[in-house]
Amino acid sequence: MKVLLTGDHAGMTLRNEVADLLDEMGIVYEDAGASCVASVDYPDYALPAAERIASGEFDRGIFICGTGIGMSIAANKVKGIRCALVHDMFSAKATRQHNNSNVLAMGERVIGPGLGREIAKVWLETEFQGDRHERRIEKITTYEDK
């Protein structure tokens with residue numbers, strides 16, 4: 001698995017925690033996030049990162065900003081992206097099992113680094129269940145292709 005990690009100025013602490021987790025899990029990743037605490041615009045990070053995932057350069061992405069909302073809205077504008085905004089363990093597992101999400105968005109100001117790290121771990125380790133859920137994903141893809 002190859003992961004693209006990104007975020008704006010408001011997600012730097014959690015992004016660093018997730019980078020440590022990826023290192024510990026032995027997952028290949030690139031950190032394409034902001035390297036400053038000065039205010040930046042989240043679409044400038046979310047959109048290019050989402051495009052790289054949609055192109056197949058990366059298998060999945062983890063996007064972090066203050067709330068996760070902006071990153072998730074921007075990412076979901078890119079065809080082929082199924083970005084889930086997650087702030088709890090149950091949703092992290094469910095979005096992989098049922099929605100085959102390929103991007104996880106989290107908000108540093110909403111959850112702390114400890115919980116964010118746990119959510120990322122569950123999301124990374126959970127597989128898509130397929131079956132009836134595949135049919136639903138195909139409906140989304142068909143709509144995107146219109």
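The rules behind each value
Going along each chain's sequence as written, the residues are numbered from 1 onward. Reporting of local features is limited, given that this is a predicted model, to residues whose pLDDT is at least 70; pairs of side-chain atoms are given and counted only at 80 or more, and all residues count toward the totals for whole chains, interfaces and linings. To obtain the side-chain values, all non-hydrogen atoms of the structure were included, while hydrogens and water were left out. Where helices and strands are cited, they refer to DSSP runs of H or I of at least four residues and of E of at least two residues respectively, numbered from the N terminus. For this analysis, residues touch if any pair of their heavy atoms sits within 4.5 Å. Exposure above 30% relative accessible area and no salt bridge define the residues that can form patches, which grow by joining like charges within 9 Å and nonpolar side chains of Val, Leu, Ile, Met, Phe, Trp and Tyr within 5 Å. Using a 1.4 Å probe, the Shrake-Rupley method yields the accessible areas, and only the shown protein chains count as cover for residues. The term salt bridge refers to a side-chain nitrogen of Lys or Arg lying within 4 Å of a carboxyl oxygen of Asp or Glu. Any two strands are treated as partners once DSSP identifies two or more bridges connecting them. Angles shown run from 0 to 180 degrees and are taken between the N-to-C directions of axes, each axis being a line fitted to C-alpha atoms and, for helices, limited to the stretch in contact. As used throughout, the charge tally considers Lys and Arg to be positive and Asp and Glu to be negative, leaving His and the chain termini uncounted. Charged groups are reduced to one reference atom each: NZ for lysine, CZ for arginine, CG for aspartic acid, CD for glutamic acid. Summary of the burial criterion: residues with accessible area below 20% of their type's maximum are buried, those above 50% are exposed, and those between are partly exposed, where the area comes from a 1.4 Å probe applied to protein chains only. Here, nonpolar core refers to any group of buried Ala, Val, Leu, Ile, Met, Phe, Trp, Tyr and Cys residues whose side-chain atoms link them within 4.5 Å. Helix span is expected to be 1.5 Å times the residue number reduced by one. Our working definition of a disulfide is a cysteine sulfur pair at a distance within 2.5 Å.

## What to know about the environment of Ala-34
- Note that Ala-34 resides in the loop between β2 (28-31) and α2 (43-54).
- As for Ala-34 and Ala-50, which are separated by 16 residues in sequence, their C-alpha atoms are 15 Å apart.
- Those residues in contact with Ala-34, other than ones at most four positions away along the chain, are Gly-7, Asp-8, His-9, Met-12, Arg-15, Val-40 and Tyr-45.

## Things to note about a nonpolar patch on the surface
- Residues Ile-69, Ile-73 and Leu-85 make up a contiguous nonpolar surface patch of about 260 Å² in total accessible area.
- Position of Ile-69 among the secondary structure elements: in helix α3 (residues 69-75).

## Here's the deal with the sheet that holds β2
- With parallel pairing, the five strands of this open sheet are ordered in space as β2-β1-β3-β5-β4. Pairing within the sheet leaves two strands with one partner each, and these edge strands are β2 and β4 (83-85). Each neighbouring strand pair of the sheet contributes to a mean axis angle of 20 degrees, computed without reference to strand direction.
- Pairing analysis gives five bridges linking strand β1 (residues 2-7) to strand β3 (residues 60-65), with the strands arranged parallel. Paired with Val-3 across the strands is Arg-60, a residue of β3.
- Contacts from helix α5 (residues 113-125) reach β1, β3 and β5 (103-107) within the one sheet, and its direction differs from that of β5 by about 170 degrees.

## Some points on a positive patch on the surface
- Positive charge collects at one region of the surface, where Arg-132, Arg-135, Arg-136 and Lys-139 lie side by side.
- Mapped onto the secondary structure, Arg-132 falls in helix α6 (residues 132-144).
- We classify Arg-132 as partly exposed; its relative accessible area is 40%.

## Digging into the environment of Ala-75
- Tracing the chain through its elements places Ala-75 in helix α3.
- Between the C-alpha atom of Ala-75 and that of Pro-48, which follows or precedes it by 27 residues, the distance is 8.8 Å.
- For Ala-75, the contacting residues outside a window of four places in its chain are Ala-46, Ala-50, Phe-63, Ile-81 and Cys-83.

## Some words on the nonpolar core
- Val-18, Ile-62, Leu-104, Met-106 and Leu-124 are the most contacted members of the largest nonpolar core, which has 21 residues in total.
- Mapped by element, the contributors of at least two residues to this core are β1, α1 (12-25), β3, β5 and α5.
- Setting aside residues no more than four positions away along its own chain, Ile-62 makes contact with Val-3, Leu-4, Leu-5, Thr-6, Val-18, Leu-104, Met-106, Ala-120, Trp-123 and Leu-124.
- Ala-74, Val-78, Val-103 and Ala-105 belong to the second largest nonpolar core, which has 16 residues in total.

## Comments concerning α5
- Under the 1.5 Å per step criterion, the end-to-end length of α5 is 18 Å for 13 residues, consistent within 8% with the ideal 18 Å.
- By the burial criterion, the buried members of α5 are Gly-116, Ile-119, Ala-120, Val-122, Trp-123 and Leu-124.
- If you follow the buried residues of α5, they end up packed against β1, α1, β3, α4 (89-99) and β5.

## As for the state of the cysteines
- In total, this model carries zero disulfides according to the counting rule given.
- Distance from the sulfur of Cys-83, which forms no disulfide, to the nearest cysteine sulfur (Cys-65) is 9.4 Å.
- Of the residues examined, Cys-83 reaches a relative accessible area of 12% and is grouped as buried.

Everything listed is a geometric property; what it means functionally is a separate question.
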